[in-house]
Structure formats: structure tokens, C-alpha cells
Amino acid sequence: MPALTVDDITVLPRIPAPDPAAGRQRPVRSVTVAPQGFEGEGFPVRRAFAGVALEDLDPFVHLDQMGEVEYAPGEPKGTPWHPHRGFETVTYMIDGVFEHSDSNGGGGVITNGDTQWMTAGAGILHIEKPPEELVRTGGLFHGFQLWVNLPAAQKWSPPRYQDIRADDVALLSSPDGGALVRVISGEIAGHAGPGTTYSPMTLIHATLSPGAGLVLPWRSDYNALVYAMAGHGGVGPERRPIAAGQLAVFGPGDALSVSAQPIQENRSPNLDVLILGGRPIREPVAWMGPFVMNTREEVIQAMADYQAGRLGSIPAVHNAPTTVLETRQGS
């Protein structure tokens, strides 16, 4: 699991251990198992938020673990062009390569440790797919897509796109050097990630060596979620067991803790987790397919706007012919 690593973790800034007298650790309210399914043209996903109430996820609405899968040549798949309105999509690539294009002119290619942050806002069309080289050769594919809701006042913001390179991510270490913490957005112990968000939030990818522990100061006005993508460990002061494909929802408090089991499987030598949380929006949610709005009427309007072409148009292919070209075989 390459993402972004370092040769010497001891040179990184250390996250100070929270003062036990200054607050309390968040207890674990639930641990759920993410069911498996398929997305787009048929790439495998795990629905990390399945079975969890939206009130516990707010300001998030959806999280897919894409892969981890080793594709044979010709097997890699993506999504066709499709619309979004009312939220932001955050695509974090761990292994492999993914291409993005949208009707607003945004897009690019992300690979190990890169992130694409697309604000759909008032409406946008986009497509996500593996590059032709990956389709030809096959290879490892593993990443995540998170949907972040927008408050009603910002659902009509103009679409925007952020291309976050792996080298821009803030890298931190636990006090004992046993955990590598990648801050993609938000702030931990005064160190901020590069992602710019409408809804205040924090997104972290942490790798814990066997037997290591991590205690993070966490804003009391944020919710707190931990999703295990690989390995085995424990969460919360009670060290409730968690394993790959499971999501932990935390209760209130000022810090959260994660620990790795001393013995891990050979195929997953470390515990890798996504740690995320944000300030709840606490507004009504009306959600259907690619539209996340506040009312049923707004969702219906979004569908009508999409069908009428008001959410954008698929960009023309550069240098493609604008008239019919025809060839005929000679006799």
C-alpha cells in the first residue's frame, strides 16, 4: 500500500500526546461492516457507510473503498459521464491510476497518494476512468471516494476542482514514531492539509506499525469516523476490535485513539485507516443518485436540469471531426 511514505519517519513533526486532564477520549458508538458491490461500469467497491444513520455521518453522505483489486489486461473499468449537484466528491488514490474530466474544464490524473477534490455545487458533469495504458496492461487499483455534503447556502456555488498532489500532503508522526499520519484536509496539532473545503472537516490517512498506538486531538464540534482499509487493530479507549472493511463511529469527546494489533497478516503488515470528521450541517437531506439536496423538490429540479442540459455538456474531443468522415474499401 504505497500511497505516500517516508524513508525516515523520525524526521517528521511529532503529534503531541493530548493532555488527559484537558479533555476526554471519544468512546466508540458502533462498528459496522461495509458490504461489497459494484460501481460505474463494474469496478468493485465496499460501501463504507452502509447501515449508518446520516445523522452520525453528517456532513458526509457516502464513502466507497474502490478495490483493492489486481486487474488482468483489459479488465480495468471506470464510470461513464454522469451529473452531480449539491455536494463535493473527494477521490483519494492509494494504488494505481485514475483519470478525471469534467464539464467545467477541470480534470487530471491521480496516482499513489494524490487526491482530486471536485465541488459539484450548482451542477457539473464528470467522468472517472482508468487510463488506456492501465486498461491495456492491467494492474493494481485501490482508492476511495468520499461525498461531502454542502450547506443549503453553498449548494449553488460555482463548480470548482482541486488537484492535490501527494507531495503537498502534511506528514506527521505519532510521539513514538510508530504511526505515519497524512493530513489531506483540516488540521492536526497546528499542521494543516492542502485541501480547501466548504464544510469544515478533517481527512487523514494513517498507517500504524504492528503494536503502535495513535491518539489524535479532535475538535469537539466535529463528528469522528475511522474506516479500516487494511490490517487489524482497536479503536477508542476500550480498544474495540476493528479490521479491514469496518467503520467505527465515535461519540463525543476531545481526542480519538486507534491502535494496531502486535501481529498482522503477511499481506497487510500494518493497520491502515482513514480518519475523518467534520462539523455537522444539521439540515434536511434529500438524496437520490448523484444529487444531494435539502428537499425532494430540489432533487426533482436537479434531474430536470440535467435532462435539459443545464448542468453542463460533455466536452468535445480535441481535433475530432465536426463533419462525417467516411472511408470505403476499394474493389
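Residues numbered from 1 in each chain as written. Predicted model: local features only at pLDDT ≥ 70, side-chain atom pairs only at ≥ 80, totals over all residues. Heavy atoms only, no water.

Let us now look at the confidence of the model for the protein chain. With 93% of its residues at a pLDDT of at least 70, the protein chain reaches an overall mean of 89. Taken element by element, the predicted model of the protein chain shows its lowest mean pLDDT in strand β2 (residues 36–39) (82) and its highest in strand β22 (residues 246–250) (98). (pLDDT = per-residue confidence, 0-100. Helix = DSSP H or I, 4+ residues; strand = E, 2+ residues; numbered from the N terminus.)

It is worth spelling out unusual backbone geometry at this point. Following D58, the chain continues into P59 via a peptide bond in cis, with omega recorded as 20°. Here P59 is to be found in the loop between α1 (54–57) and β4 (60–71). Phi is positive for A189, which is not a glycine, with a value near 50°. Here A189 is to be found in the loop between β15 (187–188) and β16 (191–192).

This brings us to the nonpolar core. Ranked by internal contacts, the top residues of the largest apolar core, which has 29 residues, are L208, V226 and I275. Within the residue set of this core, elements represented by two or more residues are β13 (170–173), β14 (179–185), β17 (201–208), β18 (213–217), β19 (225–230), β22, β23 (255–260) and β24 (271–278). Setting aside its immediate chain neighbours within four residues, L208 contacts G178, A179, G213, L214, V258, S259, A260, N270, L271 and V273. In terms of nonpolar packing, the next biggest core, distinct from the first, is built from 27 residues, A48, V52, L63 and V148 among them. (Core = buried A, V, L, I, M, F, W, Y, C linked by side-chain atoms within 4.5 Å. Buried < 20%, exposed > 50% of the residue type's maximum accessible area, 1.4 Å probe, protein only. Contact = heavy atoms within 4.5 Å.)

On the basis of which strands lie adjacent, the open sheet formed by 4 strands has the order β18-β23-β20-β21 and antiparallel pairing. Of all the strands in the sheet, the pair left with one neighbour each is β18 and β21 (240–243). Ignoring which end each strand starts from, the neighbouring axes of this sheet average 25° apart. In this structure, strand β20 (residues 232–235) lies alongside β21, joined through 4 bridges in antiparallel fashion. Counted as the bridge partner of G233 is I242 from β21. (Pairing = 2+ DSSP bridges. Axes fitted to C-alpha atoms, helices over the stretch in contact; angles between N-to-C directions.)

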